[in-house]
Amino acid sequence: MKNPINQLVHRYTYDLRLKTKLIISHIILILLPTAVLSGFFFLRIYGIVMKDNIRSEQVLSSQTVNSIENLMSHVASSSDTITNSLFVQDIFRIPTDIAGNRTITTSRMNSLFHLAQNITDTSLITDVKIYYDDKAYNDLMQYNRVGNALFIPMSSISSSYWYGIYSSSDRIHLLCPELYLTPDEAEKNGKLAYITRIPYTNADQMPAGSNTASAYVAVYLSRSAFDDVLRKDATVRDEAAFIINERDVIVSASDMSLAGMYFIPQSQLSTRMGTEKEFSLVSFLDSTAYAAYFPINDTDWTMVSIIPALHITDAGRGMMMHFAVVYLLFTAVAMYISFQLSNSIADRIIAVALQMEKVRSGRPQPMDIEDTGCDEVGVLADTYNYMTEEIGLLMDSQKQAADDLRRAEFRALQAQINPHFLYNTLDMINWLSQTGRSEEVTQAIQALSRFYKLTLSRKSLMNSIETELQHVSLYVKLQNMRYDDCVTFVIDVPEELYEYTIPKLTFQPIVENAFLHGIMTTEEKKGSILLTGWRSGDDIEFIISDDGAGIPPEKLDTLMYDVDHTDTDSGVKQPAIPGHIGIYNTNLRLKSLYGESYGLFFTSTLGKGTEVTFKIPARHITDSLERM
């Protein structure tokens with residue numbers, strides 16, 4: 001006796017009605033809407049957390065930009081204080097021709113040194129220099145003091161990068177990164193500089209020229225002051241903040257190595273990051289990060305802030321993990337129940353489906369299942385087994401009827417070919433007799449007799465390829481007797497194919513068509529016909545080509561349409577093409593015998609000739625004749 005527990009499980013999984021199982025399955029489907037709703041709310045909350053983190057980073061970056069703009073405002077104000085002082089106005093905003101004769105009072109010189117000293121501090125502005133035009137002015141270095149060389153000849157910095165920029169532009173102010181400065185400037189004065197050009201004036205106190213300069217006021221800055229501000233913006237590992245100028249030079253950075261790794265040219269910022277002051281996801285060589293750029297007012301600087309994507313997503317990971325653990329536990333229990341129920345239905349339905357799938361490659365076979373169950377699926381399996389037995393019997397009967405019908409139809413089509421050829425040949429013999437060519441009549445009758453002896457030598461509808469080649473050779477001989485050897489007939493078929501089978505009178509109608517409608521319609525009424533054949537996989541392919549008149553495109557289209565639409569399955573056949581009964585019936589016989597993928601295929605060029613291509617299965621004569 002079976003274990004009661006096993007009996008209960010068997011009844012639950014195999015004997016319950018399908019409707020009951022589906023009800024249980026519908027209950028389990030509550031998991032689906034639960035999962036959708038949970039996922040929806042999770043994504044909403046996760047999105048809110050992500051947006052909040054990005055918004056916080058935007059606020060922090062905006063504060064950093066404000067701090068940098070305040071620093072630059074202080075620098076610009078300090079530079080303006082120097083350049084707008086009375087001493088600088090009186091000494092340097094003058095015409096070139098009086099620059100060397102300018103008198104400098106001690107009181108104003110002391111005032112300038114005192115002003116420069118007050119501007120200079122150790123945290124931001126590290127030094128102030130005035131580079132004067134030593135070609136026009138007398139030696140102003142004599143006024144320098146010990147430890148405070150305020151005046152420097154312009155010739156000493158003529159090789160600097162920033163001097164070259166001024167020489168090729170008309171700009172007044174220039175923010176110089178370390179790259180623009182000479183090594184001596186960067187080492188002694190500061191890593192950054194804010195330089196103002198003071199141009200010569202004419203008699204009306206207007207600038208004398210766009211590139212002229214009586215002096216340059218350079219306010220040198222400490223880069224560390226800007227680096228410290230940027231480090232406050234980069235608060236997490238691998239986060240970077242850096243400043244680049246319009247010439248794509250890094251001015252300052254929270255971390256120079258990270259700035260180099262995340263570097264993006266200023267011209268590409270809007271393309272890769274979109275709208276300014278808004279973070280967007282950007283792909284780099286081996287990572288992705290949220291990036292934003294912030295133009296700094298009144299400068300050619302742009303601050304770029306890069307935050308690794310993992311940092312933004314870290315805030316949502318904890319919530320995601322807790323949610324996933326709870327939901328997976330709940331899902332595991334539900335899936336176990338669902339799995340047990342699904343097996344009871346799916347396994348047997350799949351078994352039936354797989355058996356039915358075998359119908360594609362052969363006749364259906366009954367299922368080999370010990371216990372099909374008592375539910376609807378079990379009834380389906382039992383009914384399928386019964387159905388396969390009935391179908392097997394019907395298929396055997398249908399196959400026999402189809403074979404009988406195919407043989408009868410093939411013989412009927414064959415019968416249409418023989419009278420057609422006989423009529424044409426007798427017409428030729430009659431013509432020879434009327435012209436008194438008795439010897440040729442004898443030869444023609446002998447050839448015709450031999451032809452029909454070969455044709456009617458067996459009851460089978462098939463011939464060997466060798467015999468068919470003899471048939472068509474006899475046909476060409478008969479026609480050449482009538483038309484004074486107007487056709488050169490060449491056969492190029494390997495001897496190893498001679499023992500394979502082909503339907504009787506396959507070559508002759510095609511060659512006849514080439515002879516009468518190809519060669520004989522040319523002006524010279526002479527030409528050649530080539531019959532070639534070769535083995536191609538499981539088939540043998542043939543091409544019969546002529547160099548006759550060819551077929552006009554409109555007639556070729558009609559011929560191809562009629563041949564392509566030959567219906568071997570319908571009870572009523574399409575009428576034969578006028579003048580091409582042999583071609584039509586040959587095509588029908590090939591399709592009837594071998595299937596719709598076989599038949600005749602035509603290509604023709606008007607004035608050059610026609611090719612007829614067809615293929616037949618490669619069946620050796622010892623096997624094929626037994627089938628027919």
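Structure: see above.
Anyway, here's the lowdown on the structure attached to this text. Please read all numbers here as calculations on a predicted model, not as lab measurements.

Right, let's talk about helix α17 (residues 581–594) for a bit. In this model, α17 (14 residues) spans 20 Å end to end at C-alpha, consistent with the 20 Å of a helix rising 1.5 Å per residue. Counted residue by residue, α17 has 13 buried out of 14 residues, so it is predominantly covered. At the C-terminal side of α17, G595 shows a positive phi close to 120°.

Below, the discussion takes up the sheet that holds strand β2 (residues 151–153). Here we have five strands laid out as an open sheet, ordered β2-β1-β5-β4-β3, and mixed in their pairing. Strands with a single pairing partner mark the edges of an open sheet, and in this sheet they are β2 and β3 (173–176). Neighbouring strand axes in the sheet, compared pairwise and without regard to direction, differ in orientation by 25° on average. As defined by bridge partners, strand β1 (residues 125–132) adjoins strand β5 (residues 215–221) across seven bridges and the pair is classed as antiparallel. From the neighbouring strand, V128 faces β5, where its bridge partner is V219.

The next thing to look at is the packing of helix α14 (residues 465–482) against helix α15 (residues 507–519). For any two helices packed against each other, the geometry comes down to the angle between their axes and how far apart the axes lie. The N-to-C vectors of α14 and α15 enclose an angle of 30°; their axes lie 9 Å apart at closest approach. The angle between the axes of α14 and α15 places the two elements in the roughly parallel class. For the pair α14 and α15, the crossing hand works out as right-handed. Along its contact with α14, which presents E468, L469, V472, Y475, V476, Q479 and N480, the element α15 presents F507, Q508, V511, E512, F515 and L516.

We now examine the sheet that holds strand β7 (residues 250–253). Pairing within the open sheet is antiparallel, and its five strands lie in the order β7-β6-β10-β9-β8. Because the sheet does not close on itself, it has two edges, and the strands there are β7 and β8 (280–283). The mean inter-strand angle of the sheet, taken between neighbouring strand axes irrespective of direction, is 35°. Of the pairings in the sheet, the one linking strand β6 (residues 240–244) to strand β10 (residues 302–308) comprises five bridges and is antiparallel in character. Considered in β10, the bridge of A241 is made with S305. Packed onto the sheet, helix α8 (residues 223–233) meets β6, β7 and β10 and runs at close to 60° relative to β7.

Bringing the packing of α15 against α17 into the picture now. At a closest axis distance of 8 Å, the pairing of α15 and α17 adopts a crossing angle of 150°. Between α15 and α17, the crossing angle belongs to the class labelled roughly antiparallel. The crossing of α15 and α17 is left-handed. In contact with P509, I510 and N513 of α15, α17 contributes G582, I583 and T586. Residue composition of the contact of α15 with α17, by class: three nonpolar, three polar and no charged.

For the rest of this paragraph, the subject is the pairing of β8. Where β8 meets strand β9 (residues 288–295), four bridges bridge the pair, whose relative direction is antiparallel. Paired with L281 across the bridge in β9 is Y290. Hairpin geometry of β8 and β9 is characterised by an intervening segment of four residues between the two adjacent antiparallel strands.

Turning to its location among the elements, K477 is positioned in helix α14. In this structure, the C-alpha to C-alpha distance between K477 and A447, residues 30 residues apart in sequence, is 8.1 Å.

Within the structure shown, the criterion is met by 10 salt bridges. Residue K129 pairs with D127 through a salt bridge whose shortest N-O separation is 3.7 Å. Neither residue differs from the other here; K129 and D127 are each classed as buried.

In terms of burial, α15 is largely enclosed, as 11 of its 13 residues are buried. Those residues of α15 lying buried are F507, Q508, P509, I510, V511, E512, N513, A514, F515, G518 and I519.

Another point: the nonpolar core. Counting residues in hydrophobic clusters, the biggest one holds 55 residues, and the most contacted among them are I68, F92, I130 and F151. Judged by nonpolar contacts, the second largest core, of 40 residues, contains V493, Y500, A514 and L600.

Let us now look at the side chain of T467. Looking at where T467 falls in the secondary structure, it is placed in helix α14. At 2.8 Å, the side chain of T467 forms a polar contact with the side chain of S464.

With that out of the way, let us pick up the packing of aromatic side chains. Applying the stated criterion to the full structure yields 17 aromatic pairs. Plain terms: the ring middles of F92 and Y137 are 5.3 Å apart, the flat faces sit at 55° to each other, and that makes the pair tilted. Within this pair, whereas F92 is found in helix α4 (residues 86–92), its partner Y137 is found in the loop between β1 and β2, the two being separated by 45 residues in sequence. Take F92: its relative accessible area is 0%, and that puts it in the buried class. Plain terms: the ring middles of Y262 and F284 are 5.0 Å apart, the flat faces sit at 70° to each other, and that makes the pair edge-to-face. Taken as a pair, Y262 in the loop between α9 (256–261) and α10 (269–273) and F284 in the loop between β8 and β9 lie far apart in primary sequence, 22 residues in all.

Next up on the list: a negative patch on the surface. A cluster of acidic residues, E466, E495, E496 and E499, forms a negative patch at the surface. With respect to the element layout, E495 can be found in the loop between β12 (487–492) and β13 (501–503).

Conventions adopted
Residues numbered from 1 in each chain as written. Predicted model: local features only at pLDDT ≥ 70, side-chain atom pairs only at ≥ 80, totals over all residues. Heavy atoms only, no water. Helix = DSSP H or I, 4+ residues; strand = E, 2+ residues; numbered from the N terminus. Expected span 1.5 Å × (residues − 1). Buried < 20%, exposed > 50% of the residue type's maximum accessible area, 1.4 Å probe, protein only. Pairing = 2+ DSSP bridges. Axes fitted to C-alpha atoms, helices over the stretch in contact; angles between N-to-C directions. Parallel < 35°, antiparallel > 145°, perpendicular 65-115°, else oblique. Left-handed = near helix turned anticlockwise from the far one by under 90°. Contact = heavy atoms within 4.5 Å. Nonpolar A, V, L, I, M, F, W, Y, C, P; charged D, E, K, R; others polar. Salt bridge = Lys/Arg side-chain N within 4 Å of Asp/Glu carboxyl O. Core = buried A, V, L, I, M, F, W, Y, C linked by side-chain atoms within 4.5 Å. Polar contact = N/O pair within 3.5 Å; in protein donor to acceptor, adjacent residues only side chain to side chain. Phe/Tyr/Trp six-rings, centres within 6.5 Å; stacked < 30°, edge-to-face > 60°. Patch = residues over 30% accessible without salt bridge, like charges linked within 9 Å, V, L, I, M, F, W, Y side chains within 5 Å. Areas by Shrake-Rupley, 256 points an atom, 1.4 Å probe, with all protein chains shown as cover. Lys, Arg positive; Asp, Glu negative; His and termini not counted. Charge placed at Lys NZ, Arg CZ, Asp CG, Glu CD.

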